[in-house]
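One-letter residues, chain by chain:
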Amino acid sequence: MVSEQKIADVSFESLLRIFTIPEGPDSTLTQIEEGLSKNLNQFLREHIVAEEKPLHEIEKDFSSAVIPEQPAFVSDHTEYLLDTLVSHSVHTSSPSFIGHMTSALPYFLMPLSKIMIALNQNLVKIETSKAFTPLERQVLGMLHKLIYGKTETFYNQWMHSANHSLGAFCSGGTIANITALWVARNNALKAQGQFLGVGKEGLFRAMKHYGYEGLAVLVSERGHYSLKKAADVLGIGQQGLVAVKTDSHNRICPDDLRAKFAQLKQDNIKPFAVIGVAGTTETGNVDPLREIAQICQQESCHFHVDAAWGGATLMSAKYRSLLDGIELADSVTIDAHKQLYIPMGAGMVLFKNPDAMKSIEHHAQYILRKGSKDLGSHTLEGSRSGMAMLVYAAMHIISRPGYELLINQSIEKARYFADLIKQQDDFELVSEPELCLLTYRYVPKYVRDALVCASHEQTTELHKLLNELTKVIQKKQRETGLSFVSRTQLNPIQWSIHDTIVFRVVLANPLTTKDVLSSVLEEQREIAKTAPNLMARLEQLSLDITQG
Ligand SMILES: *Cc1c(COP(=O)(O)O)cnc(C)c1O
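Residues numbered from 1 in each chain as written. Predicted model: local features only at pLDDT ≥ 70, side-chain atom pairs only at ≥ 80, totals over all residues. Heavy atoms only, no water.

### Considerations on the nonpolar core
Within the largest apolar cluster, 111 residues are counted, with the highest numbers of intra-cluster contacts made by Ile342, Tyr403, Phe417 and Tyr440. Top contributing element to this core by residue count: helix α13 (residues 388-423), with 16 residues. Once residues within four sequence positions are removed from consideration, Ile342 is found in contact with Leu105, Leu109, Ala336, His337, Met387, Leu390, Val391, Ala394 and Tyr403. Counting residues in each nonpolar core, the second largest holds 34 residues, with Trp182, Ile236, Ile275 and Phe351 among its members. (Core = buried A, V, L, I, M, F, W, Y, C linked by side-chain atoms within 4.5 Å. Buried < 20%, exposed > 50% of the residue type's maximum accessible area, 1.4 Å probe, protein only. Helix = DSSP H or I, 4+ residues; strand = E, 2+ residues; numbered from the N terminus. Contact = heavy atoms within 4.5 Å.)

Structural data, given as structure tokens:
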């Protein structure tokens, strides 16, 4: 509530006060801080969507474009934020929030993140980061070793070398993928004779110099949408991103990859990178990395692995073989803000060769001088926070075996859930979990029976209605706010001709129990009953088919 008499004033003195460290345990700010922690804990404990309020109502609270002329007290504004913002936020760390890759966080990160905010280091240059720079280089080294397992001598030599970098820390998988392809593009179109390289002279002259008709990047049709953005900004166009066919498990078909290479050669188009996905966003499948690596070697082409989501599996001695061949990649993307349980804004790209990033090196006079250890000379982003500190802390506090337990339980829980779905006679597992992601849908028993003997037309009709039903259930479940699964559209081989809408589940939260999984299915079954029209049409059509 706004205090009646006291009105905050605009004066330079009061502005100076907001930059001063709060004094004593009972200072107003300390109290606000304590109250806030309590409130957040409460929120995190109780809600998925705290209060049911339609989005257009929420928008009303955020509708003014006027920058306030009147300052507010921190305490008042905090109240306001709790009412308008926090109470209508999504509780991504709830055990029944199993729809997205955004994960629950270990609680120790809340107090530790204060170090990052309070010190406000800028990792772009060592003058504003000092100890944070070696720390970030070490984090990159740790992830590099997790993937490539080089010797201690290797890391002693390269980890802190001013003129090299083992990778780049960035805001997420999108920037990591763009960085990897930027490096690959510039290495494929490097300086030669009179030509100064694509970085200096641009694409048009690079094409003329090398005599290519165009450039391409090859990726499975299940590739992440960030790659389209990458193709766009790197000047090869979205059409330069060539989709390679996938098999019934959503994995790249090596034969089609070879065929695509042959076709591009005929058209005089230069493919400068192939991307293997280790954990596709929609189905969680892993491409045959070793085989792709062999093809790339034959074709002298950069091999990038997009392991933004699945890369953390390497922490598990038991399951890291699921990513077999990743160590053959020239570069790898890993998001720490997915399965490494770090807050949003922590992506990384690692390069096997410490020289690889030279092709995108940038220098400036007042910072990023040659020979300095400034990380900014090898990053797309400029100013960056000390986020690496949280990855560093989590790796020490949780440790590799701790991460292994987390990864293992996720994978095993997904397998359990898949079995549970298969045991129901009114649910259909659509994609088996390879890591901890699976898709399925609700299909009443009579529809399943009907699908067995339906004609092509009848099948199409049933699938249309089932798609509607899946949508309705997913939406209602989200709105009810007890649990959350996401939905996506696939073309599963068993229903090859049909676009199939499915529920998508990502199991990463260690607090998600088997009971939670059972009740998610039970709730979906109940919600189906609240769509009587749709259910009646499905039942009628199914009866016509089985009896007709
Ligand atoms: C999440 C994801 C990305 C994009 O990462 P952001 O951190 O959202 O930018 C890219 N590729 C895959 C496979 C992903 O799962």
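### Some words on the packing of helix α11 (residues 254-266) against helix α12 (residues 289-299)
Helix-helix packing: each pair is described by the crossing angle between the helix axes and the interaxial distance. Axis separation between α11 and α12 bottoms out at 10 Å; the angle between their running directions is 20°. Judged by the angle between their axes, α11 and α12 are roughly parallel. For the element pair α11 and α12, the recorded crossing hand is right-handed. Contacts between α11 and α12 pair Pro254, Leu257, Arg258, Phe261 and Lys265 from the former with Glu291, Ile292, Ile295 and Glu299 from the latter. (Axes fitted to C-alpha atoms, helices over the stretch in contact; angles between N-to-C directions. Parallel < 35°, antiparallel > 145°, perpendicular 65-115°, else oblique. Left-handed = near helix turned anticlockwise from the far one by under 90°.)

### Examining the layout of surface pockets
The space that makes up the second largest pocket amounts to roughly 900 Å³. Around the second largest pocket, the lining is made up of 25 residues, and of these Ser14, Arg17, Ile18, Leu29 and Val74 lie nearest the centre. Among the secondary structure elements, those contributing two or more residues to the lining of the second largest pocket are α1 (12-18), α2 (28-46) and α4 (74-84). No other element matches α1, which puts 4 residues into the lining of the second largest pocket. The residue makeup of the lining of the second largest pocket, split by class, is 13 nonpolar, 7 polar and 5 charged. (1 Å grid on protein atoms, 1.4 Å probe; cavity = no way out; pocket = protein on both sides within 12 Å on 5 of 7 lines; lining within 4 Å. Points joined across faces, edges and corners; volume = space filled by probe spheres on them. Nonpolar A, V, L, I, M, F, W, Y, C, P; charged D, E, K, R; others polar.)

### A look at the pairing of strand β6 (residues 331-335)
β6 sits mainly inside the fold: 5 of its 5 residues count as buried. What you see with β6 is no split at all: Ser331, Thr333 and Asp335 on one side and Val332 and Ile334 on the other are buried throughout. Taken together, the 3 bridges between strand β5 (residues 302-306) and β6 define a ladder with parallel strand orientation. In the sheet register, Asp306 faces β6, and the bridge partner there is Thr333. (Pairing = 2+ DSSP bridges.)

### A closer look at the packing of aromatic side chains
For the structure shown, the criterion picks out 8 aromatic pairs. The interplanar angle of 75° and the centroid separation of 4.9 Å between the aromatic rings of Phe154 and Tyr155 together place this pair among those described as edge-to-face. Taking relative accessible area as the criterion, Phe154 reaches 13% and is therefore assigned buried. Taken together, the ring pairs in this structure connect Phe417, Phe427, Tyr440, Tyr442 and Phe503 into an aromatic cluster. Lying across the ring of Phe154, Lys150 places its NZ or CZ 5.8 Å from the centre. Sitting over the face of the ring of Tyr416, Lys514 holds its NZ or CZ atom 4.5 Å from the ring centroid. (Phe/Tyr/Trp six-rings, centres within 6.5 Å; stacked < 30°, edge-to-face > 60°. Lys NZ or Arg CZ within 6 Å of the ring centre and 35° of its normal.)

### Quick look at the sheet that holds strand β2 (residues 214-220)
In spatial order, the strands read β1-β7-β6-β5-β4-β2-β3; together these 7 strands make up an open sheet with mixed pairing. Taken across any chain shown, the strands that pair with only one partner, and hence form the sheet edges, are β1 (167-170) and β3 (241-244). Geometrically, the sheet is characterised by an average inter-axis angle of 20° between neighbouring strands, direction not taken into account. Here 6 bridges tie β2 to strand β4 (residues 269-277), and the two strands are oriented parallel to one another.

### Notes on the pattern of salt bridges
Counted under the stated rule, the structure contains 24 salt bridges. Salt-bridge contacts for Lys265 lead to Glu299; the nearest nitrogen and oxygen are separated by 3.0 Å. Linking Lys265 in helix α11 with Glu299 in helix α12, this pair joins segments that are 34 residues apart in sequence. Here Glu299 falls in the partly exposed class, since its relative accessible area comes to 26%. Between Glu522 and Arg525 there is a salt bridge, with its nearest N and O atoms 2.9 Å apart. Here Glu522 and its partner Arg525 are both found in helix α16 (residues 514-529), 3 residues apart, which amounts to about one turn of the helix. The class of Glu522 is partly exposed, set by a relative accessible area of 36%. (Salt bridge = Lys/Arg side-chain N within 4 Å of Asp/Glu carboxyl O.)

### Re the UniProt feature "modified residue: N6-(pyridoxal phosphate)lysine" (unreviewed entry) in the chain
If you check UniProt for "modified residue: N6-(pyridoxal phosphate)lysine" (unreviewed entry), the listed places come out as Lys338 in our numbering. Mapped onto the elements, Lys338 comes out in the loop between β6 and β7 (347-351). Among residues more than four places away in sequence, those in contact with Lys338 are Met101, Ser103, Ala308 and Trp309. (UniProt positions renumbered as here; feature names shortened; annotations may be inferred.)

### Section: the domain arrangement of the chain
According to the domain assignment, the chain consists of domain 1 (12-89), domain 2 (165-352) and domain 3 (402-547). Summarising the inter-unit geometry, the C-alpha centres of domain 2 and domain 3 are found 32 Å apart. Area buried by domain 2 at its contact with domain 3 is led by Glu282, Tyr319 and Tyr341, which between them contribute 28% of it. Across the domain 2-domain 3 interface, the total number found is 2 salt bridges. A salt bridge links Arg251 to Glu434, with the shortest nitrogen-to-oxygen separation between them at 3.2 Å. At the junction of domain 2 with domain 3, the criterion picks out 13 residue pairs in polar contact (both at pLDDT 80 or more). Of the residues belonging to the side of domain 2 that touches domain 3, the class tally is 10 nonpolar, 11 polar and 4 charged. (Domains from an automatic or database assignment. Buried area = accessible area lost by both parts, 1.4 Å probe. Polar contact = N/O pair within 3.5 Å; in protein donor to acceptor, adjacent residues only side chain to side chain.)

### Looking at the side chain of Arg441
Considering the arrangement of structural elements, one finds Arg441 in strand β9 (residues 437-442). Of note is the side chain of Arg441, whose polar atom sits 2.7 Å from the side chain of Glu428. Polar contacts involving the side chain of Arg441 include one to the side chain of His463, which spans 3.4 Å. Residues contacting Arg441, with those up to four places away along its chain left out, are Phe427, Glu428, Val430, His463, Leu466, Asn467, Thr470, Trp495, Thr500, Ile501 and Phe503.

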